[in-house]
Amino acid sequence: GQSQGWGGIDIALSECLTRTAPLFQVDAKDTEPLPNLAKSWEWSEDGHKLTMHLVKGAKWSDGEPFNADDVMFYWEDAVIDPNVSPLGGGASPEAFGEGTTLRKIDDYTVEWTFKAAFPKQYLYTMAYPSFCPGPSHILKPQHPKYSKNTYNQFKNAFPP
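Counting from 1, residues in each chain are numbered in the order their sequence is written. Per-residue local features are limited, in this predicted model, to residues with pLDDT of at least 70; the limit for side-chain atom pairs, both in listing and counting, is 80 or more; totals at the level of whole chains, interfaces and linings are taken over all residues. Only hydrogens and water are set aside when side-chain values are computed; all heavy atoms of the structure are taken into account.

Enquirer: When you look at helix H2 (residues 68–79) in this model, what are you seeing that I'm missing?
Expert: Residue pairs three or four apart in sequence face the same way in an α-helix, which turns once every 3.6 residues. Burial analysis of H2 places ten of its twelve residues in the buried class, the great majority of the element. Note on classification: 1.4 Å probe, protein chains only; a residue is buried when its accessible area is under 20% of the maximum for its type, exposed when over 50%, partly exposed between these limits. Secondary structure counts use DSSP, requiring at least four H or I residues in a row for a helix and at least two E residues in a row for a strand, with both numbered from the N terminus. Here H2 has its buried residues at Ala 68, Asp 70, Val 71, Met 72, Phe 73, Tyr 74, Trp 75, Asp 77, Ala 78 and Val 79. Between the side-chain oxygen at the start of H2 and the backbone nitrogen of Asp 69 there is a gap of 2.8 Å, and the oxygen is on Asn 67. Think of a polar contact as two N or O atoms within 3.5 Å of one another; within protein, one of them needs to be a possible hydrogen donor and the other a possible acceptor, and neighboring residues in sequence only count if both atoms come from side chains.

Enquirer: How do you make sense of the confidence of the model for the protein chain when you look at a structure like this?
Expert: Detailed reading of the predicted model is not advised wherever pLDDT is low. Per residue, pLDDT measures the predictor's confidence, with a range of 0 to 100. Taken residue by residue, the protein chain gives an average pLDDT of 83. The fraction at 70 or more is 79%. The contact criterion used throughout is that any non-hydrogen atoms of two residues lie within 4.5 Å. Counted against residues more than four places away or in other chains, residues 1–6, with its pLDDT under 50, gives 15 contacts.

Enquirer: Help me understand the nonpolar core, please; the structure alone is not making it clear to me.
Expert: Nonpolar side chains in soluble globular proteins generally cluster together in the buried interior. Here, nonpolar core means buried Ala, Val, Leu, Ile, Met, Phe, Trp, Tyr and Cys residues that are tied together by side-chain atoms lying within 4.5 Å of each other. Counting residues in hydrophobic clusters, the biggest one holds 32 residues, and the most contacted among them are Leu 17, Leu 50, Met 52, Val 110, Trp 112, Met 126 and Phe 131. Per-element accounting of this core gives the leading share, eight residues, to H2. Apart from the residues lying within four places of it in its own chain, the contact partners of Leu 17 are Pro 35, Asn 36, Leu 37, Ala 38, Met 52, Leu 54, Val 71, Trp 112, Met 126 and Phe 131.

Enquirer: Honestly, the side chain of Asp 81 in this entry has me stumped. Any pointers?
Expert: If you trace the backbone, Asp 81 turns up in the loop between H2 and strand E5 (101–106). Charge convention: Lys and Arg are scored as positive, Asp and Glu as negative, and His as well as the terminal groups of each chain are ignored. Criterion for a salt bridge: a side-chain nitrogen of Lys or Arg within 4 Å of a carboxyl oxygen of Asp or Glu. Look at Asp 81: it is buried, it has no salt bridge, and the nearest opposite charge is Lys 145 at 7.0 Å. From its side chain, Asp 81 meets the backbone nitrogen of Asn 83 in a polar contact 2.8 Å long. Of the polar contacts made by the side chain of Asp 81, one reaches the side chain of His 143; its length is 3.4 Å.

Enquirer: Is there a simple way to explain the environment of Tyr 122 in this structure?
Expert: Relative to the helices and strands, Tyr 122 is located in helix H3 (residues 121–125). Excluding residues within four positions of it along the chain, Tyr 122 makes contact with Ala 95, Phe 96, Gly 97 and Phe 114. A polar contact is formed between the side chain of Tyr 122 and the backbone nitrogen of Gly 97, at a distance of 3.3 Å.

Enquirer: Which parts of the structure should I look at to understand the packing of aromatic side chains?
Expert: One pair of aromatic rings is described through two measures. These are the centre distance and the angle between the planes. Only Phe, Tyr and Trp rings take part, Trp by its six-membered ring, and two of them pair if their centres are within 6.5 Å. Stacked means planes under 30 degrees apart, edge-to-face means over 60, and tilted covers everything else. Evaluation of the coordinates by the stated rule reveals 14 aromatic pairs. Judged by centre distance (6.0 Å) and plane angle (50°), the ring pair of Phe 96 and Tyr 122 falls under tilted. Of this pair, Phe 96 sits in the loop between H2 and E5 while Tyr 122 sits in helix H3, and the two are 26 residues apart along the sequence. Here Phe 96 matches Tyr 122 in class, with each residue buried. Only lysine NZ and arginine CZ atoms are considered, and such an atom sits over a ring when it is within 6 Å of the ring centre and within 35 degrees of the ring normal. Geometry around Tyr 146 places Lys 140 over its ring, the cationic atom sitting 4.7 Å from the centre.

Shown next, in the form of structure tokens:
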């Protein structure tokens, strides 16, 4: 995608699930980052599932609501699509461990499933610049899976 350097168009177009700064707000015994678009999360008893609760009422700059569809589009059509390089470097499937899956529970809840138990390091991968969904209602119509665009056209559909 297009980039205006560190903190360029990617910051203007997307927002992340967690945030890692300022870390002085994190208790030293707490090994998880701070909430952002994911307002809270909990681990299953065995640590292989992570249920994330998304912020309700957040809106994109055009007034459209942010919800789990934005997260799922980013995962399915950017992160795990080998033909797409997410904005800002973005995440890759490997960044979340082999075999990781993500599914929508409802409009404001998603569930991650990991092969490893309690992989808390992935919560940091969900922060800038790795896992920052954009507005799927704008991105999706340009994606080759949902249009006649090529991947190159999709990559260049959003000029700086």
